[in-house]
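Survey of secondary and tertiary structure
Take a look at the letters that make up each chain.
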Amino acid sequence: MKVLNQKSVLLVLTLSVIILTTSCKKKKLTEVVEVPLPTTEQKMTIGDPEDVKAAEGAFNVVKLPFKYDAFAPTIDAMTMEIHYSRHYLTYTNNLNKALAGTDLATLPIEELHKKLDMSNAELRNNLGGYYNHSLYFEILTPKGEGKPKDSLATAIDRDFGSFDTFKALFSDAANKQFGSGWAWLVVDKAGKLQVTSTPNQDNPLMPSQTISGKPILAIDVWEHAYYLGYQNKRMKYIDAFFDVVNWKKVGEKYDEAIKK
């Protein structure tokens, strides 16, 4: 277990000058409030992804075969732990609860998407939250391989012209996704690669999407995925994301998708 230390600080909040206007004169009121934080040293612990297990149900979290700090500095340890052990785990547990005791609990994950009633917000959000994060954590590796190879590289050149063109399109889709959401590389029904984005926890497997297809690469642009390290600089996170993409895994997913 790794321990991060945070020194205590004194936060001073100064309320700005409040100007009260009356019919005959102005009065200035200034108030200064000091809010001391705890004086003892705060300790924040970083756990182990091996300890993360979903409650009993139809689905479990995908295993993260690396420690949380393995992705630094691209993705810091605290962000990885919060993202994996809290956000992802919560979606997994909530999905299992939503499916418990129903006929849907026995269906494969892609069949669940096909049968999804988009007006069922609880199932929609948690099904997407589970599937999207599963793919995201599957395609991460501490030492990215730079570029795809073999059949995926050929397909990217065929459908986008070059890897650099694809990367620019994917990055643009991720950066321009308004608010929370995702950007995707998908294989459509014709076997062609396409880039798209979706809001919230939606994904291209769900009904009524602008671009439908089998996702093989995903980037999470919810703030919980990057804000500790990048604050409001989403584009810096997107650029750095390519440093931790497991293109071998993405290529395997591409080969699997075109076989179906």
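Described below are features of the structure shown in this document. Since the model is a prediction, treat every value here as computed from it, not as a measurement.

Now for the pattern of salt bridges. For the structure on display, the rule yields eight salt bridges. The salt bridge involving Lys114 is made with Glu111; its shortest N-O contact spans 3.4 Å. In this pair, Lys114 and Glu111 both sit in helix H2 (residues 109–114), three residues apart, roughly one turn of the helix. Salt-bridge contacts for Lys253 lead to Glu138; the nearest nitrogen and oxygen are separated by 3.2 Å. Note that Lys253 is positioned in helix H8 (residues 247–259) and Glu138 in helix H3 (residues 121–138), a separation of 115 residues in sequence.

Moving on: the environment of Ala190. Residue placement: Ala190 occurs in the loop between strand E7 (181–187) and strand E8 (193–199). Given a relative accessible area of 74%, Ala190 falls into the exposed group.

Sheet architecture is open: three strands sit in the order E8-E7-E9, paired in antiparallel fashion. Of all the strands in the sheet, the pair left with one neighbour each is E8 and strand E9 (214–220). Geometrically, the sheet is characterised by an average inter-axis angle of 25° between neighbouring strands, direction not taken into account. Of the strand pairs in this sheet, E7 and E9 are connected by six bridges, and their pairing is antiparallel. Residue pairing in the sheet places Leu185 in a bridge with Leu217 of E9.

The next subject is helix H1 (residues 77–99). Here H1 contains 23 residues, and its C-alpha end-to-end distance of 32 Å stays within 8% of the 33 Å for a straight helix at 1.5 Å per residue. Among the residues trailing H1, Gly101 stands out with phi positive, at a value near 80°.

Glancing now at the pairing of E7. Most of E7 sits inside the fold, with seven of its seven residues counted as buried. With burial as the criterion, each face of E7 is covered, one bearing Gly181, Ala183, Leu185 and Val187 and the other bearing Trp182, Trp184 and Val186. In the sheet, E7 pairs with E8 via seven bridges, with the strands oriented antiparallel. Residue pairing across strands places Trp182 opposite Thr198, the latter belonging to E8. Where E7 hands over to E8, the hairpin turn is made up of five residues, of which Gly191 adopts a positive phi near 85°.

Let's shift gears to the packing of helix H5 (residues 163–176) against helix H7 (residues 234–241). It is at 10 Å that the axes of H5 and H7 come closest, and there the two elements cross at 145°. Remark: the crossing between H5 and H7 carries right-handed chirality. Only Arg234, Met235, Ile238 and Phe241 of H7 make contact with H5, whose side of the interface consists of Phe170, Ser171, Ala174 and Asn175. Class assignment for the residues of the contact of H5 with H7 results in five nonpolar, two polar and one charged.

Criteria and cut-off values
- Residues numbered from 1 in each chain as written.
- Predicted model: local features only at pLDDT ≥ 70, side-chain atom pairs only at ≥ 80, totals over all residues.
- Heavy atoms only, no water.
- Salt bridge = Lys/Arg side-chain N within 4 Å of Asp/Glu carboxyl O.
- Helix = DSSP H or I, 4+ residues; strand = E, 2+ residues; numbered from the N terminus.
- Buried < 20%, exposed > 50% of the residue type's maximum accessible area, 1.4 Å probe, protein only.
- Pairing = 2+ DSSP bridges.
- Axes fitted to C-alpha atoms, helices over the stretch in contact; angles between N-to-C directions.
- Expected span 1.5 Å × (residues − 1).
- Left-handed = near helix turned anticlockwise from the far one by under 90°.
- Contact = heavy atoms within 4.5 Å.
- Nonpolar A, V, L, I, M, F, W, Y, C, P; charged D, E, K, R; others polar.

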